[in-house]
Structures are given as C-alpha cells and as structure tokens.
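So the chains spell out like this:
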Amino acid sequence: MPSPATAPPPAPASLRRIVAASLIGTTIEWYDFFLYGSAAALVFNKLFFPDSDPLVGTLLSFLTYAVGFAARPIGALVFGHYGDRLGRKRLLVLSLLLMGGATFAIGLLPTHATVGSAAPVLLTALRLVQGFALGGEWGGAVLLVSEHSDRAGGNRRGFWASWPQTGAPAGQLLATGVLSALTALLSDAAFESWGWRVPFLLSGVLVLVGMWIRLSVDESPVFKEALARAESRKQEAEQPPLVAVLRHHWRDVLVAMGARMAENISYYVITAFVLVYATEQADLGKQTALNAVLIASAVHFAVIPAWGALSDRLGRRPVYLLGAAGVGAWAFPFFALIDTREFGWVIVAVTVGLVFHGAMYAPQAAFFSEMFATRMRYSGASIGAQFASVAAGAPAPLIATALLADYDSSTPIALYVIAAALLTLVAVGVAKETRQRDLAAVEPTAAATTNASAAASATGSAKTSPQASA
C-alpha cells in the first residue's frame, strides 16, 4: 500500500465527490444558522421577548442572533487546533453533529409564554452551540476541497473551492424556502403557535443525510503528506497551530479579517436585516420579503462558481476588489429600490447586492487557503474568517436595526455598509496575489528566510524542499 506521501492524487470523480460532500454539509450547517436569523427577524421577538415594543423585541432577538457569532472564534480556535493536528474530516463530522443537534433542540424549546425568562436563556445557549460549530465548519470544508483540488483540479482551485461557498446561499435558499412555504400555507396564528418549529425539526433529517455523505470522503492528501513529514521528525518540538499562525502568519490573519468586513456586513444586511426593513419600514408583507430573498439566493448560488472560475483567470484580488467596490456602490440604490414597495424592484435590490457579494465570497475560500502553511492552515483560515465575524456579521443586523430605530432612515445604514467596503478595499489592496501558489509548498511567511538559512547551515546544502516547512 502506498504511503501518504506517495499516494496517487484523487481522480476527478473523487474530487467531485469531495466537493459534493463539502457542499451538502455546508448547506445543512448554513441552513441551520440562517434559519435562526430569519426566525429572529420574523417571530422570535413575539415568542421569546413578548413584553417589548416590536422593534425593541426585534433588537433583543437579533442580540441572541449575534451571540452565535461570539462563539464562532472559539470554535475556530478549537476546531482549527485539532483540525491541523488530527485532520479535516473528523472535525467536519463533529461540527455537523453539534450544529444539527442544537438546531433540532431549538425546535423543541418552550416559549416565554410557557417558561418565562428561561425561554430566551435556553435559546441563547443553543445559539452559542450553533456558533461554536459553524466556527469550525467553514475552515475545514473549504480546506478539504482546496487541498484536494491542488492535485486533481488543475489550475481551477478557485472554481472548485468556491463550491462549498455555495452552501451559504443554498442554506439560505432552503431556510427561506421552508419558512416562505409555511407562512403561505399557515395563518399567522398557526405559524407563531407551532409552524415555526417545523424547519428546525427538519434539521434532524438533514444532518443524517450529511453525516452519511461526509463519512464517505477521504482526508486531504496535502494534509496527509504534511502529517507524515511531521511524524518523521517527531523529535523536533512542533509549535501549537495557533502559536505558529500568530508567529508566522499574523499579517495574513489581519488581511483575512479586513477582507471579511464588507463581505460579512453586506450579506447580513442584505439577507437578514432586509426582512426587518421591508416589513417594518416599507410596510411589505413577510411573504414578499421572504420571496425576494428566496429568488436572490438562487441567483447567488449560480454566480458564486462563475466568480470562482473568474478568479482562476484574473486572480483572487481583482475579483474580490470588484465585489467590495460593488456592495459599497450599491448601498444607497439597495434601500431606494426597497422603498418603492414594488416586488420586482425589491428582487432587483437584493439580487444585485448578492451578486456583488458573491464576487467576494467565491474567491475567499481559495484566497484564504493559499495564505497559510498546511500544518497551520485550518487554524489560520478559521481565525482570520471567524474573528472578523464578531466585528462584522454579528452586530450587522443589530447595528442596522438600531440605526433605523434612532434615525428612521436608511441613510446611516447605507453609510455603514460603505465604510465596511472601504475597509475591505484597503485590506485586499495591500495583500499579495496567491492564485499561483502550490498549497503543499506554502511556507510560514515570517520565518521562511530564517528557516532556510538554518537548514543550509545544518546540512551544508540547499537540498531542503520548500514543502518541508509546510
């Protein structure tokens, strides 16, 4: 049997199976996560915070929504550490179990009318579990595909790695579709009484499907090779992945965090806060707002692989910069079109916003993967992505709702999105292009020169492979 270092690369069929496994798993995880956001905008204010003014209740509901983001960096640290030590696959199975279990439990929760103040406490605790699981999910899913496509995908890593990213709009599509169908079929009283529980309980079935698929895929060959090299030099003390990331890749972590600002903030304003703005400010029905997000999410799903393929041709940075500039420029038209109260224009507003968002989200998987060395890649990519989410996605609906309550206008919200876009333009603008990098050969950037010199002194030659530092 061939060793991990000499095993043949997976065939394209294997790569497609791995892509499918990552996509289905991330779809289920994002379905769980976004389902909470939609429910927070539509019913949780009444079910868990009934004594508050409707807009205040929505603020409190979004506050529990933001709590999930606070747990994502912890998930990134824990899953990143063990994912870099034990492998990507095991941690992905665990994240799916945690997320699905928490979502299913939310569907069984008693409301404020039944248990009083204990209801929002239990809701918040389960939201923390969701955030912890998602903090570890994203990095593992995109790395599993990126590292497989490094060998089997030719020069199409951006395209293949963008497919797990479509799990976000697919999950949004599934969550919004289920909610939209229920609100159409049920009366408001029935939906608020028991109908809202159905999509949460459905998560249990979806998790079983995801588990069956994820258990069938192989570990990343790039990780196997790095692990084999680490085992061969076991006598050398190996730094914990987190320490190694902060020592060698701290600049890359900052770039990743900056890159996430516009992407994360714009997405949650466009898909979560829009449900509040459309129903509370523009006096549109819940069904109208949900259907607009539903249609736009389908387009979002379709354009992400196209943007990923374009990043293989033009580079990660140009495509990412286009997306950041686009969401900034679209901020004012977005709200102006919703204010028309015309369903067609609401669809245009959300769809164009998500198309620009896709230009950032599609190359992100390959871009972040290419920044970090293999034995610290899970930690580095996860930390950069999830720590930014605390400052970006977590408070975005909360800030937008508070601005609307204080100013009764969309102008400060649009300026908020524009400020995030400018920050991302600066971060990605100063980053290096990564499109041509071999993932197995990425070195710890801050110490690459020092390590090379030390190796040359010790061996008296330059035979050390650049892969040894990965």
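**Student:** I keep staring at the overall build of the protein and nothing clicks. Help me out?
**Tutor:** Within the protein one finds 20 helices and 0 strands. Sorting the 470 residues of the protein into buried and exposed places 58% on the buried side. Counting contacts in the protein only where the partners sit at least 6 residues apart, residues at least 24 apart contribute 87% of the total.

**Student:** Which parts of the structure should I look at to understand the nonpolar core?
**Tutor:** Among the nonpolar cores identified, the biggest contains 121 residues, and F44, F48, W196, Y268, F273, F334 and F368 are the most heavily contacted of them. The dominant element in this core, judged by the number of residues it contributes, is helix α13 (residues 250-281), at 18 residues. Here F334 is in contact with V269, I270, V274, A349 and V350, once residues within four sequence places are set aside. With 16 residues, the next largest nonpolar core counts I18, V19, L91 and V145 among its residues.

**Student:** I would appreciate a short explanation of helix α15 (residues 316-339) in the present structure.
**Tutor:** A turn of α-helix holds 3.6 residues, and therefore any two residues three or four places apart point the same way. Its 24 residues place the ends of α15 35 Å apart at the C-alpha level, agreeing with the 34 Å of an ideal helix rising 1.5 Å per residue. When the local axis directions of α15 are compared, the greatest deviation, roughly 45°, occurs at A331, which is followed within four positions by the proline P333. R341 sits one or two positions beyond α15 and adopts a positive phi of about 65°.

**Student:** Would you explain the confidence of the model for the protein in this entry?
**Tutor:** Keep in mind that low pLDDT regions are not for reading the predicted coordinates in detail. Looking at the protein as a whole, its pLDDT mean stands at 83, while 87% of the residues score no less than 70. Long-range and interchain partners of residues 1-9, a stretch whose pLDDT sits below 50, account for 6 contacts in this model, where long-range means more than four residues apart. For the stretch residues 446-470, pLDDT sits under 50, and the model shows 27 contacts to residues farther than four places along the chain or on other chains.

**Student:** I would appreciate a short explanation of the side chain of N264 in the present structure.
**Tutor:** Of note, N264 is situated in helix α13. A polar atom in the side chain of N264 sits 2.9 Å from the backbone nitrogen of G393. In contact with N264, not counting residues within four places along its chain, are F69, S389, A392 and G393.

**Student:** Help me understand the packing of α13 against helix α16 (residues 343-369) in this model?
**Tutor:** The relative placement of two packed helices is expressed as an angle between their axes plus a distance between the axes. For the pair α13 and α16, the least separation of the axes is 10 Å and the interaxial angle reads 145°. Relative to α16, the crossing made by α13 is left-handed. Along the contact surface, α13 presents A256, A259, R260, A262, E263, S266, Y267, I270, T271 and V274, while α16 presents V350, G353, L354, H357, M360, Y361, Q364 and F368. Split by residue class, the contact of α13 with α16 holds 11 nonpolar, 5 polar and 2 charged.

**Student:** Before we go on, may I ask you to explain the packing of aromatic side chains in this structure?
**Tutor:** A full pass over the atoms with the stated rule returns 18 aromatic pairs. Relative to F44, the ring of Y36 has its centre 5.2 Å away and its plane inclined at 75°; by these criteria the two rings are edge-to-face. Here F273 and Y277 contribute two aromatic rings whose centre-to-centre distance is 6.0 Å and whose plane-to-plane angle is 45°, an arrangement assigned as tilted. A residue pair is termed a helical-turn pair when its members lie 3 or 4 positions apart in one helix, as F273 and Y277 do in helix α13 at 4 residues. The exposure classification of F273 matches that of Y277, with both residues buried. Three or more aromatic residues link up through ring pairs in this structure, and these residues are Y36, F44, F48, W196 and F200. The aromatic ring of Y36 is capped on one face by R127, whose charged end is 4.3 Å from the ring centroid.

**Student:** Sorry, what's going on with the pattern of salt bridges here?
**Tutor:** Pairing between side chains of opposite charge can happen when the charged atoms of each approach one another. In this structure the tally under the stated criterion is 6 salt bridges. Where R260 meets E263, a salt bridge forms, and the shortest distance between an N and an O atom there is 2.7 Å. Taken as a pair, R260 and E263 lie in helix α13 at a separation of 3 residues, close to a single helical turn. In this structure, R260 and E263 share a single accessibility class: buried. A salt bridge links R316 to E370, with the nearest nitrogen and oxygen atoms 2.8 Å apart. Of this pair, R316 sits in helix α15 while E370 sits in the loop between α16 and α17 (377-391), and the two are 54 residues apart along the sequence. Each member of the pair, R316 as well as E370, is classed as buried. Within the structure, one salt-bridge network assembled from shared partners comprises R157, D312, R316 and E370.

**Student:** Which parts of the structure should I look at to understand helix α12 (residues 241-248)?
**Tutor:** Among all positions in α12, only P241, A244, V245 and H248 are buried. Summarising the axial view, the buried residues of α12 lie within an arc of 100°, below the 170-degree limit, and thus occupy one face.

**Student:** Teacher, can you tell me more about the packing of helix α9 (residues 188-195) against helix α10 (residues 197-214) here?
**Tutor:** Where α9 meets α10, the axes come as close as 7 Å, and the angle between the chain directions of the two elements is 35°. Facing α9, whose interface residues are S193, W194 and G195, α10 presents R197, V198 and P199. For the contact of α9 with α10, the per-class residue count stands at 3 nonpolar, 2 polar and 1 charged.

Reading guide: rules and limits
- Residues numbered from 1 in each chain as written.
- Predicted model: local features only at pLDDT ≥ 70, side-chain atom pairs only at ≥ 80, totals over all residues.
- Heavy atoms only, no water.
- Helix = DSSP H or I, 4+ residues; strand = E, 2+ residues; numbered from the N terminus.
- Buried < 20%, exposed > 50% of the residue type's maximum accessible area, 1.4 Å probe, protein only.
- Contact = heavy atoms within 4.5 Å.
- Core = buried A, V, L, I, M, F, W, Y, C linked by side-chain atoms within 4.5 Å.
- Expected span 1.5 Å × (residues − 1).
- Bend = angle between axes of the 7 residues up to and from the residue.
- pLDDT = per-residue confidence, 0-100.
- Polar contact = N/O pair within 3.5 Å; in protein donor to acceptor, adjacent residues only side chain to side chain.
- Axes fitted to C-alpha atoms, helices over the stretch in contact; angles between N-to-C directions.
- Left-handed = near helix turned anticlockwise from the far one by under 90°.
- Nonpolar A, V, L, I, M, F, W, Y, C, P; charged D, E, K, R; others polar.
- Phe/Tyr/Trp six-rings, centres within 6.5 Å; stacked < 30°, edge-to-face > 60°.
- Lys NZ or Arg CZ within 6 Å of the ring centre and 35° of its normal.
- Salt bridge = Lys/Arg side-chain N within 4 Å of Asp/Glu carboxyl O.
- Arc of directions from axis to C-beta.

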